Amino acid sequence: MKRAFIFLLAFLPLQACAQGWLSGVELSTDMQRLTLKTTYGTEPAPTIEDQTGFTSAKISMDGQYAGWLALFPNCCTSYPVSLTLVVIGPDRALHRFEGTQAIFGWCFNERARAVVFRRGALHGAAPEQYEMRRIRGGQLLRAYQAPAQEVPKKAPLPAWAQCASGQNTVPN
């Protein structure tokens with residue numbers, strides 16, 4: 001009986017880890033605060049320098065990662081722009097994905113080891129860049145440039161990129 005109890009105590013932390021430390025995210029209506037719902041309660045999502053808000057917050061299917069688009073002031077618009085995708089894991093390390101253009105959509109891949117995101121110009125017909133990057137280390141795994149179009153979403157996208165365009169598929 002005592003051995004079974006000790007085995008159970010040793011197994012429980014592994015089971016909790018397999019289920020993930022995150023159960024949800026909650027974004028305030030003014031987009032100024034993001035709350036991470038963890039197995040231990042709630043905690044505020046960290047911000048990065050000059051960040052003014054949050055948008056598009058999600059958790060991975062395994063509950064190991066949370067991510068969001070960080071909003072920043074923009075010289076040429078009256079609204080903040082999402083310039084950085086931020087992902088936090090169980091070790092609380094922040095992984096940042098950024099570039100020179102705004103990020104409009106993103107998702108975790110089905111194994112939650114990579115993110116897929118779409119970036120492009122704020123206005124006008126311009127090519128959109130889709131990237132799949134490994135969360136740890138940021139290695140580029142796949143890339144696709146959609147042609148500039150007056151009517152968006154005419155060109156078919158690779159299956160792995162569809163979730164970042166708002167289509168409901170999860171890439172491998």
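A.B. asks: Kindly report on the pairing of strand 7 (residues 94-98), identifying the contributing residues and their values.
C.D. replies: Burial along strand 7 is one-sided: the face carrying His-95 and Phe-97 is buried and the face carrying Leu-94, Arg-96 and Glu-98 is not. The hairpin turn running from strand 6 (residues 81-88) into strand 7, its antiparallel successor, is five residues long, and Arg-92 in that turn takes a positive phi close to 70°.

A.B. asks: I'd like to hear about a nonpolar patch on the surface, residue by residue, with values.
C.D. replies: On the surface, Tyr-79, Phe-104 and Leu-122 cluster together into a nonpolar patch covering about 240 Å² of accessible area. With respect to the helices and strands, the residue Tyr-79 is situated in the loop between strand 5 (66-72) and strand 6. On the basis of relative accessibility, which here comes to 36%, the residue Tyr-79 falls in the partly exposed class.

A.B. asks: Hey, could you go over the state of the cysteines for me, with residue numbers and the actual values?
C.D. replies: In protein chemistry, a disulfide is the covalent bond that joins the sulfur atoms of two cysteines. Enumeration according to the criterion identifies one disulfide in this entry. Two residues share a disulfide in this structure: Cys-107 and Cys-163, whose sulfurs sit 1.7 Å from each other. With a gap of 56 residues between them, Cys-107 in strand 8 (residues 102-108) and Cys-163 in the segment after strand 11 (140-146) connect regions that are remote in the sequence. Here Cys-107 matches Cys-163 in class, with each residue buried.

A.B. asks: Explain the side chain of Glu-131 residue by residue, including any values.
C.D. replies: Mapped onto the fold, Glu-131 is located in strand 10 (residues 128-134). With relative accessibility at 9%, the residue Glu-131 sits in the buried group. A polar contact is formed between the side chain of Glu-131 and the side chain of Arg-119, at a distance of 3.0 Å. If we ignore the near neighbours within four places in the chain, the residues touching Glu-131 are Val-115, Val-116, Phe-117, Arg-119, Leu-140, Arg-142, Ala-143 and Trp-160.

A.B. asks: Describe the nonpolar core, with residues and values.
C.D. replies: Leu-36, Ala-45 and Trp-68 are the most contacted members of the largest nonpolar core, which has 13 residues in total. Secondary-structure elements contributing two or more residues to this core are strand 2 (34-38), strand 5 and strand 6. At four residues, the largest contribution of residues to this core is made by strand 5. In this structure, Leu-85, Ile-103, Trp-106 and Phe-117 belong to the second largest nonpolar core, which totals twelve residues.

A.B. asks: For the packing of aromatic side chains, give the residues involved together with the corresponding values.
C.D. replies: Under the defined criterion, the tally for this structure stands at four aromatic pairs. Measuring from ring centre to ring centre gives 6.4 Å for Tyr-130 and Tyr-144, while their planes differ by 45°; the resulting arrangement is tilted. In this pair, Tyr-130 sits in strand 10 while Tyr-144 sits in strand 11, placing the two residues 14 residues apart along the sequence.

Cut-offs used in this document
- Position labels on residues start from 1 in each chain and follow its written sequence.
- Where local features are concerned, this predicted model is filtered to residues with pLDDT of at least 70; where side-chain atom pairs are given and counted, the filter is 80 or more; whole-chain, interface and lining totals use all residues.
- As a rule here, side-chain values cover all heavy atoms of the structure and leave hydrogens and water aside.
- Exposed residues in this analysis have more than 50% of their type's maximum accessible area, buried residues have under 20%, and partly exposed residues fall in between, with area computed by a 1.4 Å probe over protein chains only.
- Helix and strand definitions here come from DSSP, where helices need a minimum of 4 consecutive H or I residues and strands a minimum of 2 consecutive E residues; each element is numbered from the N-terminal end.
- In this analysis, strands are considered paired if DSSP registers two or more bridges between them.
- Each patch is built from salt-bridge-free residues with over 30% relative accessible area, joining like charges within 9 Å and nonpolar side chains (Val, Leu, Ile, Met, Phe, Trp, Tyr) within 5 Å.
- Note on areas: Shrake-Rupley with a 1.4 Å probe; residue coverage comes only from the protein chains shown.
- Salt bridge, as used here, is a side-chain nitrogen of Lys or Arg placed within 4 Å of a carboxyl oxygen of Asp or Glu.
- Disulfides are defined in this document as cysteine sulfur pairs within 2.5 Å.
- Here a polar contact is recorded for every N or O atom pair within 3.5 Å, except that within protein the pair must consist of a potential hydrogen donor and a potential acceptor, and residues adjacent in sequence are included only if both atoms are side-chain atoms.
- Pairs of residues are marked as contacts when any of their non-hydrogen atoms sit within 4.5 Å.
- Only buried residues count toward a nonpolar core, which is a set of Ala, Val, Leu, Ile, Met, Phe, Trp, Tyr and Cys residues joined through side-chain atoms within 4.5 Å.
- Centres within 6.5 Å are what make two rings of Phe, Tyr or Trp a pair, Trp counting through its six-membered ring; a difference in plane orientation under 30 degrees is then read as stacked, over 60 as edge-to-face, and the rest as tilted.

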